[in-house]
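Here is what each chain is made of, one letter per residue.
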Amino acid sequence: MSGFLLTRIELASSSSCSDPLVPPPWEGQRLPPGSCWAPQRFSKAVLVIIDALRFEFARFDPGKASPLPYENKLGVLHHLATSQPRHARLYRFRADPPTATMQRIKGLTTGSLPTFIDVGSNFASYAIQEDNLLAQLVQNGRRVVFMGDDTWEGLFPKKFFRSYFFPSFNVKDLHTVDDGILQHLYPTVDSGEWDMLIAHFLGVDHCGHKHGPDHPEMAKKLTQMNEMLRSLVDHLGNDTLLLVAGDHGMTETGDHGGDSEKEVNAALFVYSRTPLFGSSPPEEPETIPQVNLVPTVALLLGVPIPYSSIGEVMAELFSGDGDAVSAALQQLSIYHINAKQVDRFLHSYSLVAQDLPAEQLQHLRELFTSTVEEHTQLLAQVQGTTLVPPELESRLGSLIGRFQLYLREARAVCTQSWARFHPLRMVGGCVLVAASCLLCYMASELATTSDSFYRSCLLYPLLWGLVGAALLGLAHVFTQEGLDLLLVSSWAAAASQMGFFWHWWGQHPKRARLVGSQPPLASGGLRQRLRAWLGLAFPMGILFFRCGAMFSDSFVIAEARVAPFLLASLVMLLVGKLHWDGRLTVPESHKQQLLGFSSYRREIWYLLCLVAVLLVCVRLSGFFHQCREEIPQCRPSLFLSPLASLRNTRAKNLFYLLCVALLAGLVYAVRSWLRHYGNLNSSDPLVLFVRWGFPLVVLCIACYWAVASSADDSLGKLQELVQVAVVAFPWAVYGLASVGLLLLLCNPMTVFAKDTRESAGSIVTPYLGVPSSEVNFLHVIPQIYKRMQESQKSRLERGSCRATVAAYGLGSVYSAALVIALTLLGFLLMLLHSERLSFAFLLLFLEAFILLHIHTCARGLAGDAGHQPIFPAIHWNAAFVGFHLDHSTNLLPAVLVGANTFASHILFAVGCPLLLLWPFVCEAPNSQRKKLRKESREELQEVEENMMEMRLRESPEKFSTALLQLGLKYLFVLGTQLLACVCAAMILRRHLMVWKVFAPKFLFESLGFVVSSICLLLGISLVMRVDCAVSTWFNQLRLRYWTLTMVPGHSPAKFSLQFPLELGFLTALNHCVALLGAMKSFVSFPSGKS
């Protein structure tokens, strides 16, 4: 990433009034005192930023009889523009991607272009060190007052004369920021203690995130903004400039961050009580880039243009009240200053960076020099009055066009070349990722070798890496340079990988001699070797085909639709391959061969049913799709929006009941599965939590969905109660899920052991009434002792000293822990998504378990939650599920948004060990049923039944090896896909769609790999924790019963426990006799009654 997503170099220089950028004066030009570079036209300015004000929101169309909720609501702008055409004008305000708020604020204040990587710091706004408009105002003694979005506080610390910051990140809060601004706006304007006033409203943006633009709430917010502007205009003075701007637009779903037309097309409205424009407005509003605002406002207020600005001044605002020639001369003077400032910046930037093409810089320099010289000559001729007005107007117009050409070409060069790539780092990163993938694959193959060789292959590379990191750190210390942690970690990774391959290459011949003179494949025939290589080539071919598709922008754009199709095709191909290999048919008899037909196995029908259900689920998952801007005919799924966005109350109630029913159905399915395999029989805390905690979690989620979907409809005191409930219910879910995970970690055993030994006969004589005397009571104790001795003696004579303990759920103890963990994680992730995505989660779980069953059947015979790798598809509102106010840190909202975005990565990575465990859970008892028909009951007791997951404990080393191999190969697959994305971003870094398609895909794939790796480690750790608990359980049984012989059954699993009854039973008898004898002192018989 450091080589591909570098920020541009920020220059530390700043502009000042003493800079020699002012052109030669002409007759009539006057620079009033206190002005810099150009005459000051306004002493005050009000900048009203309405976040996400799309151009369609500001435009007024009187011909629309039934406008949409976001149309024709800002009528005050239309009224001012039509009634005072020389005082007001509306523009299309085109933003530069990425269209995140912080990047747009940087563009609106510095006049430069934020780079792609800056989008990652949207929640951790670092102070702007680059020269900017606010710094110039403060430097020249102007008072800047701010109110609104607290993002400005981090960007411009200690820059404001007075400030009123309000929390901005809670996208569900539509009113806090706007109401806070309105409370201070008019008193501040009337006080006059300011030179620049900035008010940043957020209600429109938050309404778009929460409801979308086509919602009645949007009409309310825009109407509120219209009334605010109407009142604000009445409070303005004649020396005040009003600017109403949107920092970006929004999509039809209310999102932003990308570069679609609706995201980059914002609105800008300019107004002054004094005339601004020398001509009437055009029929269609003019489009201007957002970076043009900075040089324009700076020169209008009489301060220098920020040093790094590449914007072009809006020359029509400098026309003045004179004739056309005077207006053109004034505009030329402004363009001259603007061009000199841009040329100075390009020259300074080219000295410290090499990312701007030299030939284009030379062309720009020649164009600038010739234009400035011609302007100087023209001014000299004007002073000498050697030009007649028609000729002068023609030359003035030509010069203005040349200045505009220079400024626009300069901006285009910077836009195209701003990303400063570091090819060496990119190549190094690709090599490291490729070596890591190869290491994972080789380590998975080496896991079956001797333990000493495997440990040495992993130990020595670790030491190599530590030594390499230490040497590099010492070099940095001795050279007195800053320690680059990225460089140190990269060298450590490279050293460790080199150590692994070096040690493996050195030990490979020795290991080959230990195993044999030839590898296993070489010892077999040519056909066996060819079959083995073909068996490996098929899955590798599929993986490399998918990786190769990452280089196609069309595939990345349509990946959400192509992936389900490929999944269904691969499943069908698997069934066909099993048929071609003859594994779906039973061996043919001679008669069947003559008749020419074959009979299929019974398992084939079960497999075909699973495939049919999977295809249906894949088809249904297509209803939960997020649209990309590159597919204009696509319409986003209605299921992605929350229930609060529905206007029809009946439809909202029906969807709510359906969502709750689906959530309850998921819990019922999980509990039924656990009950089927005997994992809900014990009274351990974890089992009790599954019985009672799961329904309680469902109840809390259902209550949260209810209050969240109707929060806007409640009034008065009920509104306060709803606000409390919106926070309380998610915290209850967080708490219950945390308790469940802690119980799972402390004691993951869901096994119930029951002693099923049958007594040989009755020990105590039948009850004949209450003893009437002390003599009768004393006779009871010897009688019990005698009967116990006789019973023990008869059992010893028969040799019946075998006791059976039924262990319910032991055969699925590993899978049960993973299923419980996945269910708890599913609860948390469903809480972070909209209500109607519960159906998507149910489909996700169903598809996963069907694929596990298909994997089991194939082995025995041999989706998406509305996310796209684009920034507008990120569900930012997940950061405030359970939080009413703003966060104090950025870590927690990042975790919540990340969990929402990578929900499928989390679930599949944690559940990855089920690929190893599921075939053992689904052992078919067919062979056992056949033996039941042929063998007697006595013989059946000696037959080994299905052991399910306990087969893994027959060979713990193989179990650990298989688990390690599974994890490494899972990382190999993910790493190979990441490598493809890295290579695509590196090779196609100059591609037209690199920032639109390949860069977001690279970022999302990288973060997904990190999340999947962490969750995979957690899933494997959970299996290891269960294994330790099972070992402890067995040890306790051995201590209790001395010896243990295991004969598992299907349900429940049974264990034959043998122990020396002579010693243990007689010891128990002695204790019983002592206990019964002691009862004499506690029993009295007054009046012959006890």
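Up top is the structure.
Model, not experiment: these values are computed from the prediction. (Residues numbered from 1 in each chain as written. Predicted model: local features only at pLDDT ≥ 70, side-chain atom pairs only at ≥ 80, totals over all residues. Heavy atoms only, no water.)

Some points on the packing of helix α7 (residues 203-211) against helix α8 (residues 216-235)
Orientation of α7 relative to α8, taken along the N-to-C sense of each, is 175°, at an axis distance of 9 Å. Judged by the inter-axis angle, α7 sits roughly antiparallel to α8. Taken together, the residues of α8 that come into contact with α7 (itself represented by Gly 203, Val 204, Cys 207, Gly 208 and His 211) are Glu 217, Met 218, Lys 221, Leu 222 and Met 225. Among the residues making up the contact of α7 with α8, the classes are represented as five nonpolar, three polar and two charged. (Axes fitted to C-alpha atoms, helices over the stretch in contact; angles between N-to-C directions. Helix = DSSP H or I, 4+ residues; strand = E, 2+ residues; numbered from the N terminus. Parallel < 35°, antiparallel > 145°, perpendicular 65-115°, else oblique. Contact = heavy atoms within 4.5 Å. Nonpolar A, V, L, I, M, F, W, Y, C, P; charged D, E, K, R; others polar.)

A look at the packing of aromatic side chains
This structure, assessed with the given rule, holds 19 aromatic pairs. Summarising the aromatic geometry, the rings of Phe 345 and Tyr 349 are spaced 5.7 Å apart at their centres and angled 40° between planes, so their arrangement reads as tilted. Of the two residues, Phe 345 and Tyr 349 are both situated in helix α11 (residues 324-352); the distance of four residues between them amounts to about one turn of the helix. Judged by its relative accessible area of 0%, Phe 345 is buried. Plain terms: the ring middles of Phe 368 and Tyr 406 are 5.4 Å apart, the flat faces sit at 40° to each other, and that makes the pair tilted. With Phe 368 in helix α12 (residues 358-384) and Tyr 406 in helix α13 (residues 389-417), this residue pair connects regions lying 38 residues apart in the sequence. Connected via pairs of aromatic rings, a cluster forms that spans Phe 146, Trp 152, Phe 156, Phe 160 and Phe 165. Sitting above the plane of the Tyr 70 ring, Arg 54 keeps its charged end 5.1 Å from the centroid. (Phe/Tyr/Trp six-rings, centres within 6.5 Å; stacked < 30°, edge-to-face > 60°. Buried < 20%, exposed > 50% of the residue type's maximum accessible area, 1.4 Å probe, protein only. Lys NZ or Arg CZ within 6 Å of the ring centre and 35° of its normal.)

Notes on unusual backbone geometry
The backbone phi angle of Trp 37 is positive, close to 70°, even though this residue is not glycine. Located in the positive-phi region is Asn 72, a residue other than glycine, with phi close to 60°. Mapped onto the fold, Asn 72 is located in the loop between α1 (55-58) and α2 (75-83).

A word on the packing of α2 against α8
Here α2 crosses α8 at 40°, and the two axes come no closer than 8 Å. Between α2 and α8, the angle falls in the class oblique. Judged by residue contacts, Gly 75, Val 76, Leu 77 and Leu 80 of α2 engage Asn 226, Leu 229, Arg 230 and Val 233 from α8. For the contact of α2 with α8, the class distribution of residues is five nonpolar, two polar and one charged.

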